[in-house]
Amino acid sequence: MSVVCRFAPSPTGFLHIGGARTALFNWLFARHYGGKFLLRIEDTDRTRSTPEAVEAIFDGLRWLELHWDGEATFQFARASRHAETARKLLAEGKAYRCYCTPEELEAMRAKAKAEGRSMRYDGTWRERDPGEAPPGVQPAIRIKAPQHGVTVIRDRVQGNVTIANEQLDDMVLLRADGTPTYMLSVVVDDYDMGVTHVIRGDDHLNNAARQMQLILALGWPVPEYAHIPLIHGPDGAKLSKRHGALGVDAYREMGYLPEAVRNYLLRLGWAHGDDEIISTAQAIEWFDLEGVGRSPSRFDFAKLANLNGHYIRLTDDTRLVDLAAARLETALAAPVDEDGRRRLLKGMPGLKQRAKTLVELAEIARFYVHRRPIPLDDAAIRQLDGEGRDRLATLLDMLSAVGDWRAAALETAVRGLAESGGVKLGQLAQPLRAALTGGTTSPPIFDVVEVLGREETLGRIKDILNRR
RNA sequence: GUCCCCGUCGUCUAGAGGCCUAGGACUCCGCUCUUUCAAGGCGGCAACACGGGUUCGAAUCCCGUCGGGGACGCCA
């Protein structure tokens, strides 16, 4: 059987990290089985849906490289098809018109709460003669759901979940204004799109039972369900704006690589033995619903950062240069010129193993592209007081005479100078580092000297010596 | 409140009755490498929620308790 999955977000905000994981699992599952991964925008709530949110979802998915097959489906555009389905059920006697007013429903809800029951529509109009309908009231259409027995959800992650039909009421299919509800739309769209596997957050587990009743009433095949646990915040509660339920764009902003985010999200709630670093190709090969756990997991930035550092180290230097340069141009409010890019590329091997995010990468790479004179931080200034400055002067003389401007030769020369002067290498290296990078930490200093080149190196040293 | 789900180191997890003196990863702490900071290598701290069963034997099965989460809309 061929597999058809779908990711169906509602465009009421950004694509948050939980949604991203749901999309990832669907995508992985579809790719693993050589099936389709469809995207459906559930925009039936006209007051809350925005075009910006739709774009944010597209952008987020594209950034994560979770490409969907075909064109995205917009649910609202299919409203007439949904309504038609509801009327079909009405004609078959599997649904009925309900003339209750919002006030009556509110009273029903209050009563149920007072009696300690869960709120369920009491079926007032289920058997009542439509002739008794109050004049001028537009009816909603409700499904005539089974009142006894149980509905069993066969779930690939949760196992068999049994819900007593008494727990479920006659849900509204079509609102009084003729618009379809979510329950109806989802069922009809999944059927029309040929969805075989519904993989979504387990906050929909209860809905699955209701949707099954609808599907059964329609005589359609029930898809395979897989309700995956939600991602929680550090406090254990459902991820919300309160604790940084950020859009995936925020993760991009913070300097995470899409492959790192994918790897991290994959390991949240899914495992393949002790494997931690899993390439996307490997993930496609290994992924299946059996490996999905049933308990909710908490989001941990430290582990994401660790993974991100790993992927940065694996990333091709030229791609890293592009990424870092873009951030530097913003930070320095100036374009990174040819010289700057050349230095970034040459220095990247030393840079990339020192950064956990692209933000850090840009920060530590900054000195390579900053124009003279470069800014000094406090620790660097301390290195360049008195003694340090004197040593720098000695270094300038010696370096001016070096012919072979390569790290190894440079190091030999400086080591020789240290030895003859009776000082430790660090006593020369640190002032030099301060002068060249403006700070006290950097990639190996002789690599820095080589990358900067003779002219720039000597220039930066002179800048320090000439400070008043 | 009602219904549903969950409960292994701080976090993510391995574990499908003996292989568990419970493994890996992140974090943290040492040591090592070293011109700085990293990365790397080595080592350490740290968990089966609790109580009953079942069994020769339970982290694994059953029941209960406690704890956590989710769902209860003419929202999606």
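Residues numbered from 1 in each chain as written. Chains lettered and ligands numbered in written order. Predicted model: local features only at pLDDT ≥ 70, side-chain atom pairs only at ≥ 80, totals over all residues. Heavy atoms only, no water.

Before we move on, can you summarise the pairing of strand β5 (residues 140-143) with the specific residues and values?
Side chains A140 and R142 project from β5 onto one buried face, and the interleaved I141 and I143 project onto a second face that is buried too. Summarising the sheet, strand β4 (residues 95-98) and β5 pair through 4 bridges and their orientation is antiparallel. Bridged to A95 within β5 is I143. Sheet topology note: the β5/strand β8 (residues 172-174) ladder contains 2 bridges and is antiparallel. Paired with R142 across the strands is V172, a residue of β8. (Buried < 20%, exposed > 50% of the residue type's maximum accessible area, 1.4 Å probe, protein only. Helix = DSSP H or I, 4+ residues; strand = E, 2+ residues; numbered from the N terminus. Pairing = 2+ DSSP bridges.)

Account for the pairing of strand β6 (residues 150-155), naming residues and giving values.
Along a regular strand, successive side chains alternate from one face of the sheet to the other. Burial along β6 is one-sided: T151, I153 and D155 are buried, while V150, V152 and R154, pointing the other way, are not. Of the strand pairs in this sheet, β6 and strand β7 (residues 159-164) are connected by 6 bridges, and their pairing is antiparallel. Across the sheet, residue D155 finds its bridge partner in β7, namely G159. Counted between consecutive antiparallel strands, the loop separating β6 from β7 contains 3 residues.

Outline the nonpolar core, listing residues and values.
Counting 100 residues, the largest nonpolar core has L265 and L399 as its most contacted members. Membership of the second largest hydrophobic core comes to 34 residues, among which are M183, L184, V188 and L214. (Core = buried A, V, L, I, M, F, W, Y, C linked by side-chain atoms within 4.5 Å.)

Quick rundown of the packing of aromatic side chains? Include the residues and the values.
Counted according to the given criterion, the structure contains 11 aromatic pairs. Arranged with centres 3.8 Å apart and planes meeting at 5°, the rings of Y191 and W220 form a pair that is stacked. You can see Y191 sitting in helix α5 (residues 182-192) and its partner W220 sitting in the loop between α6 (205-218) and β10 (224-228), a full 29 residues away along the chain. A relative accessible area of 38% places Y191 in the partly exposed class. (Phe/Tyr/Trp six-rings, centres within 6.5 Å; stacked < 30°, edge-to-face > 60°.)

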